[in-house]
Every structure is written in structure tokens, then in C-alpha cells.
Amino acid sequence: MTSRHIIPMPVNSSVRFARTAARLGAVAAAVLLSGCQLDTIVKATDPDIIDPAFIQSASGADGVRVGTLGRFNANTTGGESMLLYGGLMGDEFTTGDTFTQRIETDQRSLTPENANVTTAYRGIHLVRVGALQARDLLRKFPQTTGNEWRLAEMYFVEAYMINLMAEHFCNGQPLSTLENFQETPSPRIPTDSLYLLAQARIDSATSILLPALVTPNDVRVRNALLVLRARIALNQGNFALASTAASTVPTTYTWEQEHSLIVRTPGVWSLINNTRRYIISNNEGPLNMGFANATQDPRVPTCQPGTGGFNAAACTAAGFTTARPFDSGNNSVPNARYQLIWETDSRNVSLINGLQARLFEAEAQNRLGNFSVALPLLNALRIAPPAYVLPGRTITGLTALVDPITPDARRNLIFREKSFWLFGTGHRFGDMRRMMRQYGMSQTDVWPNGIWQINRVPGYGTDVTFPTPAAESNNRLIPQSQPGIPACIDRNA
């Protein structure tokens, strides 16, 4: 799915400043190129901005919806979004880069001025506000009967981005809005309240869908809402709701994000396989998640080119021949490790699916004291892996798991299964935070710590959340811990 910017959607004053600066720069350039012919300047148009009057119709409203879905793609699986940054700060990826923004993220020692994280943060708000604008237009210009799912879909997108923000950023995030192209700033909202707001959006969407679920799109959106409701309920510690919501979603269900070289390539493919800025981690941190060397686990296939490289033949077959990452001259940085889940630039990514529903259900049942229910759910996935896990290929059935007996071992088993099934799709960071918040594990039990990469100095920091970006200091309703630095309520897991 391709999209263009339908209408301008600033999310904080720094975005307005950037847009204003760009326009002033364009005007200055026009003056120089036109020999100061002011009539030429007056007649200049901006091809990226559509007059709001053009979207005042049912078709215009649907155009804003489609544009929002394009941004949703770009700011989840189609770019360097929080799905990637969470894995970089956690234990899925390590950096192969020279850029300080990625290095400090990998080190768990983030600064609010981190430009890359700021871009991903703005992307969350861009999609969220776009969904809100699309909702308003779809209500103003109702679609034909049977298309109610379009409005419900925008509630889903908004809820997804609110949850994504709550999972990754520190306690106390704003949800500024746009009214008549004027920003309405928001104060800090506690994380618990963000989860409540996301669930409320799901309630609103559910009430819109016809009870009969007449069309395939009705079913598609309903299932997406249920999977997201279960995910948010886990974050809230509401395990009964998580199990109930997930239980009715079929394992075969999948919400596919479209990708290709001419549309938008998968972010994981782009940052790992194409530019080699990221490297698949191997046993980074105390949980010893051997993603890179999981020779007996086909869910996260990887390879390393060159003589003696891990699974080198697969790298050769896929056309990956460079053994060193982007930071090729630094011997402290590990060799490149390519992922083969999305091994080409045209693989679609299953962002929401029935696999997630089964995993959420299994964790919830274990927390409710029913591991005897959770284990068969896990084994059913291993015996018959869903086809969308490795796009275009088949995973051979995995050996059935056995009950490890102790509560801690059962917990570890469930989170390990989740980490391999959901690798690179933005779940790991939130799970690592919950290991501390809900399961009583310590920071040193969960997060990479101590020595970083190959004895590089300094080592890991102690961050377990992303700070509110400095760009949000323009929000007058957020206190500042120091000039230009917006204050979180706290940085706890």
C-alpha cells in the first residue's frame, strides 16, 4: 500500500517549526531563482499539501483513512520504528553502526536528544493523529452500509499506537491533538491511563462493527481488535480479560503489512540485511536468548557469510556476501548476522495474527494457575506452525515441550516461546518490562548489562524505558527536569 501525505498533521511545536523552516527555505530559494519576481512566489504551490476542502466528501474521508494506513505501515514494520528500537535496547539486536543514536540505544543509556528515537516517537503521534482525523471525517461523511469497519479500523490504529507508546516510553506521555489545524497540547498521561484509553478505543471500535460481521473486513478488523485487547490486558495485568479476548481469534488469522522494493521495504530487512546497521543478537543479556545461533530452531533463521560462517550457504543463496557490518573497521563490533525471516525486500510482515492470540492466551492461563491449559496451546503452535511466520516458506514441526514443573521455569519457557515466535515484531521490549513489573524479576535478571559488545567502553547503562524526547519540551504542559528536557513521571519498568 502506498500513500502520500494527505493533510499536514503536526504533533508538537518542534514539528511546526521544522515545517515552517522548510517553507521559509523554499520561499528564499524561490526568490533567488526567480530574480525577486514576487508574483512567481505568490503563485507557488506545495504539491505535498492537499487543500482541506478537497477531503470534504466520503471519498476524501476514505482517502485520509488509506493515507493513515500507509503511515501506520511506515511507522511499524516499514521503517526504523519502535519495533526496531525496542529490540535494539532489549536483547534481539545489537548495533553494527557508527551512529551515536543507535549506539546509546543498544547500550541502554539514552539521551532525550536522540534524533532517531525522536523520529520514531513522532511517527507514533503522526499515525495516531491521522487516525483521529480520519475518524472525524468518516463520521462527518458516513460510508455506505457495510463499510462500518473503516471507522472501527481507525480506532484500532489509534489504540495500537497508544499501546506501542505506553510499552516503550517512560511513565507520563502526552497525547496532543489537532483541532482545525491548531495543536491542542496534552499534559503527561500516566502509563496505566494510556492502557485504559487504548482499551476504550477498542470498546468504541467494537460497538461500531455490525454484530453479524457481514464482510471479510468486519472479521479482519474484529480479530485485530481482539488480539490487541489481549495484548493491552497483559500489560494491565488483567489475565482473565487477556485470555477471554484472545481465545476466540483463530490461529490462521493474520493482518499482513505489504512490502516491496517499489512500495516500502520491511524495516528489519532494510536495517539488517541491506544497510547492516543492526546485527542479530546472540545471548545478549542474562536470559541467554540465542537468536543468532539457534541452529535447532527454525523460527529465527540467520546466516553469516564467509568461510566458516554460520549457515554460510544460506547467506550465499540469499545474496548476502559481506561479513562485516556498517562499522566494518571496528574490531569490537561483531560480524554481521543476517536474518532470513524476511530474506527479501518484498516479504510481507504479519503484524497482528492468531499466533499472538495463542501466545497471549497461554501466558494468561499460566498466570491464572492453569499451566495445564497453557502447555497444549504452546505445543499446538509447535506441531503446526502458522504459514505466515516465515513468508512463502514452511516451518517443519518442532518437538513438543514438556512441563518444566517450577513456576519460574514455566515463566521462562513461555517468554522464550514468545520471543522466538514474535521476533522482530515489537513485542520483546514490552515483555522484558513486564518481567520486572509483573513477575518480580530484577533488572540484572532481565536486561543486557555489564560488558557491551566485545569489551567496548562504556558498558551498558540502566535504562529500562525510553525517555520523552527533548522535542516535546515545546509542550508547555509538560514540566522540565532541566531546560529543554521534558520530565517523565518516572523511568520505572
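Residues numbered from 1 in each chain as written. Predicted model: local features only at pLDDT ≥ 70, side-chain atom pairs only at ≥ 80, totals over all residues. Heavy atoms only, no water.

Chemist: I would appreciate a short explanation of the environment of aspartate 463 in the present structure.
Modeler: Structurally, aspartate 463 is set in the loop between α17 (443–446) and β9 (480–482). On a C-alpha basis, the gap between aspartate 463 and serine 109 in space is 5.9 Å, while along the polypeptide they are 354 residues apart. In contact with aspartate 463, not counting residues within four places along its chain, are Met89, Arg108, Ser109, Leu110 and Arg491. Within the local environment of aspartate 463, its side chain forms a polar contact with the backbone nitrogen of leucine 110, the two atoms lying 2.8 Å apart. (Helix = DSSP H or I, 4+ residues; strand = E, 2+ residues; numbered from the N terminus. Contact = heavy atoms within 4.5 Å. Polar contact = N/O pair within 3.5 Å; in protein donor to acceptor, adjacent residues only side chain to side chain.)

Chemist: Sorry, what's going on with helix α7 (residues 149–168) here?
Modeler: Because each turn of an α-helix spans 3.6 residues, side chains separated by three or four positions in sequence point in the same direction. Between the first and last C-alpha of α7 there are 28 Å, a value that for 20 residues agrees with the 28 Å anticipated at 1.5 Å per step. Most of α7 sits inside the fold, with 20 of its 20 residues counted as buried. (Expected span 1.5 Å × (residues − 1). Buried < 20%, exposed > 50% of the residue type's maximum accessible area, 1.4 Å probe, protein only.)

Chemist: Which parts of the structure should I look at to understand the side chain of arginine 433?
Modeler: Along the polypeptide, arginine 433 turns up in helix α16 (residues 428–437). The buried charged residue arginine 433 lacks any salt bridge, with aspartate 490 as its nearest oppositely charged partner at 6.4 Å. Setting aside anything within four residues of it in sequence, one finds arginine 433 in contact with Ala166, Glu167, His168, Phe169, Trp447, Val464, Thr465, Asn492 and Ala493. (Lys, Arg positive; Asp, Glu negative; His and termini not counted. Salt bridge = Lys/Arg side-chain N within 4 Å of Asp/Glu carboxyl O.)

Chemist: Can you walk me through the pattern of salt bridges in this structure?
Modeler: Pairing between side chains becomes possible if they bear opposite charge and their charged atoms approach one another. If you walk through the whole model with that rule in mind, you get 25 salt bridges. Here arginine 102 and glutamate 80 are joined by a salt bridge, their closest N and O atoms 2.7 Å apart. Taken together, the residues arginine 102 in helix α5 (residues 100–106) and glutamate 80 in the loop between α3 (58–74) and α4 (82–89) connect sequence positions 22 residues apart. The buried category is assigned to arginine 102, whose relative accessible area is 8%. One salt bridge connects arginine 201 with glutamate 158, and the closest N-O pair in it is separated by 3.1 Å. In this pair, arginine 201 sits in helix α8 (residues 191–208) while glutamate 158 sits in helix α7, placing the two residues 43 residues apart along the sequence. Of the residues examined, glutamate 158 reaches a relative accessible area of 1% and is grouped as buried.

Chemist: Mind showing me how you'd approach the environment of glycine 319 here?
Modeler: Counting through the fold element by element, glycine 319 comes out in the loop between α12 (312–318) and β7 (338–339). By relative accessible area, glycine 319 is classed as exposed at 51%. The sequence separation of glycine 319 and glutamate 343 amounts to 24 residues, and the corresponding C-alpha distance is 9.6 Å.

Chemist: Help me understand the packing of aromatic side chains, please; the structure alone is not making it clear to me.
Modeler: Describing an aromatic ring pair means giving the distance of the ring centres and the angle of the ring planes. A complete count under the given rule lists 16 aromatic pairs for this structure. Arranged with centres 6.3 Å apart and planes meeting at 80°, the rings of phenylalanine 72 and phenylalanine 156 form a pair that is edge-to-face. A residue pair is termed long-range when its members are at least 10 positions apart, and phenylalanine 72 in helix α3 and phenylalanine 156 in helix α7 qualify at 84 residues. A residue is classified by how much of its surface remains accessible, and phenylalanine 156, at 0% relative accessible area, is buried. Between phenylalanine 72 and tyrosine 160 the ring centres are 5.3 Å apart and the planes differ by 90°, which places this aromatic pair in the edge-to-face class. Taken as a pair, phenylalanine 72 in helix α3 and tyrosine 160 in helix α7 lie far apart in primary sequence, 88 residues in all. Taken together, the aromatic side chains of Phe93, Tyr278, Phe291, Phe420 and Phe423 make up a single cluster linked through ring pairs. Sitting over the face of the ring of phenylalanine 326, arginine 277 holds its NZ or CZ atom 3.5 Å from the ring centroid. A cation over a ring is seen here: arginine 367 above tyrosine 439, with NZ or CZ 4.5 Å from the ring centre. (Phe/Tyr/Trp six-rings, centres within 6.5 Å; stacked < 30°, edge-to-face > 60°. Lys NZ or Arg CZ within 6 Å of the ring centre and 35° of its normal.)

Chemist: What is the right way to read the confidence of the model for the protein chain from this model?
Modeler: The predicted model of the protein chain has a mean per-residue pLDDT of 89, with 89% of residues at 70 or higher. A low-confidence stretch, residues 1–42 (pLDDT under 50), is modelled with 68 contacts involving residues beyond four sequence positions or located in other chains. (pLDDT = per-residue confidence, 0-100.)

Chemist: When you look at the state of the cysteines in this model, what are you seeing that I'm missing?
Modeler: Think of a disulfide as a covalent bridge from one cysteine sulfur atom to another cysteine sulfur atom. On inspection of all chains with the given rule, the structure shows 2 disulfides. Residue pairing for cysteine 303: its cysteine sulfur links by disulfide to cysteine 315, the two sulfurs lying 2.0 Å apart. Across the S-S bond of cysteine 303 and cysteine 315 the torsion is about 85°, and the bridge reads as right-handed. Of this pair, cysteine 303 sits in strand β6 (residues 302–303) while cysteine 315 sits in helix α12, placing them 12 residues apart in sequence. In this pair, the class of cysteine 303 matches that of cysteine 315, namely buried. (Disulfide = S-S within 2.5 Å.)

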